[in-house]
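Reading the structure
Here are the chains, one letter per residue:
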Amino acid sequence: MMTLLARTSWRGFLFLISSLLLTYCAHDTYQERANLIKDHTEAFYTHLKANHVESAIRENEQIETMASEMGQTVRKRASKQGATQVEREFALMKTANETAAANWLALGQYFAIKKQYPQARATYQRVVNTYTNPTDRTYREQAARALQDLDILNPPAATIKTP
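This report concerns the structure included in the present document. It should be emphasised that the depicted structure is a prediction, and the values quoted were computed from it without experimental measurement.

1. Focus on the overall build of the protein
Summing up its helical and strand segments, the protein has five helices and zero strands in all. For the protein, the sequential pattern of α-helices and β-strands runs α-α-α-α-α. Look at the contacts in the protein between residues 6 or more apart in sequence, and 60% of them connect residues 24 or more apart.

Below is the structure:
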């Protein structure tokens, strides 16, 4: 028969193993989502290189959706979980958000190179309108400069003044 000390040690060992497994599973989920962002980004650029713009846009929208869902998760868990888990979730959300913004800028450049100026303007304007958080300022500024550059390449149609 097992002594009380042996049973207690065995329970402690099982608790330690289950804790490690749960930690590993949490890490796996985080890593899976990070890999998913990477996969969508790679697919975005693959589609863009193949001139499949609609597919590239869908890939980037998936990244934006992930960022939005992670943002909701961070807001919900901020008061309930430990700081480490929320920080990791926030970092992943920020990565997804920055990736999506950078992809929109790349799409705008793609359109400009292809001399599809209205699409380029719309894409850059999307960045300006969508990425409004203070942490997104760099992307907004790049998009605003790109809009100014487009005015050099393809000036907007002059407005006709009517008396």
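2. Thoughts on helix 2 (residues 53-77)
The terminal C-alpha atoms of helix 2, which comprises 25 residues, lie 36 Å apart, in line with the 36 Å expected from a rise of 1.5 Å per residue. Looking only at helix 2, the buried set comprises V53, S55, A56, E59, N60, I63, E64, M66, A67, M70, G71 and V74.

3. Section: the packing of helix 4 (residues 117-130) against helix 5 (residues 137-153)
Following both chains from N to C, one finds helix 4 and helix 5 inclined at 155°, their axes separated by 8 Å at the closest point. Regarding the angle of helix 4 to helix 5, the classification is roughly antiparallel. As helix 4 runs across helix 5, the sense of the crossing is left-handed. Contacts from Y117, A120, R121, Y124, Q125, V127 and V128 of helix 4 reach helix 5 at Y139, R140, A143, A144, A146, L147, L150, D151 and L153. Here the contact of helix 4 with helix 5 is composed, by residue class, of twelve nonpolar, one polar and three charged.

4. Side note on the side chain of E59
When you line up the elements, E59 lands in helix 2. In this structure, E59 is buried with no salt-bridge partner, the nearest side chain bearing the opposite charge being R58 at 6.9 Å. A distance of 2.6 Å separates the side chain of E59 from the side chain of H40, its partner in a polar contact. The residues contacting E59, other than those within four sequence positions of it, are H40, A43, F44 and H47.

5. Structural notes on the environment of F44
Among the secondary structure elements, F44 is positioned in helix 1 (residues 4-49). Taking the relative accessible area as the measure of exposure, F44 reaches 0% and is therefore buried. For the pair F44 and S55, spaced eleven residues apart in sequence, the C-alpha separation works out to 7.4 Å. Setting aside chain neighbours within four positions, we find F44 in contact with A56, E59, N60, N103, A106 and L107.

6. Focus: the packing of aromatic side chains
Per the counting criterion, the structure on display carries two aromatic pairs. Between F44 and Y45, the aromatic rings sit 4.9 Å apart at their centres with planes inclined by 90°, giving edge-to-face as the arrangement. Ring centres of Y110 and F111 lie 5.7 Å apart, and the angle between their planes is 65°; this geometry places the pair in the edge-to-face category. For Y110, a relative accessible area of 14% puts it in the buried group. A cation sits over an aromatic face here: R88 above Y30, 4.2 Å from the ring centre.

7. With respect to unusual backbone geometry
Its identity is not glycine, yet N51 carries a phi of approximately 60°, on the positive side. Structurally, N51 is set in the loop between helix 1 and helix 2. The exposure class assigned to N51 is partly exposed, which follows from its relative accessible area of 42%. Phi at K115 is positive, roughly 60°, even though this residue is not glycine. Along the chain, K115 turns up in the loop between helix 3 (83-113) and helix 4. Judged by its relative accessible area of 61%, K115 is exposed.

What counts, and at which threshold
Residues numbered from 1 in each chain as written. Predicted model: local features only at pLDDT ≥ 70, side-chain atom pairs only at ≥ 80, totals over all residues. Heavy atoms only, no water. Helix = DSSP H or I, 4+ residues; strand = E, 2+ residues; numbered from the N terminus. Contact = heavy atoms within 4.5 Å. Expected span 1.5 Å × (residues − 1). Buried < 20%, exposed > 50% of the residue type's maximum accessible area, 1.4 Å probe, protein only. Axes fitted to C-alpha atoms, helices over the stretch in contact; angles between N-to-C directions. Parallel < 35°, antiparallel > 145°, perpendicular 65-115°, else oblique. Left-handed = near helix turned anticlockwise from the far one by under 90°. Nonpolar A, V, L, I, M, F, W, Y, C, P; charged D, E, K, R; others polar. Lys, Arg positive; Asp, Glu negative; His and termini not counted. Salt bridge = Lys/Arg side-chain N within 4 Å of Asp/Glu carboxyl O. Polar contact = N/O pair within 3.5 Å; in protein donor to acceptor, adjacent residues only side chain to side chain. Phe/Tyr/Trp six-rings, centres within 6.5 Å; stacked < 30°, edge-to-face > 60°. Lys NZ or Arg CZ within 6 Å of the ring centre and 35° of its normal.

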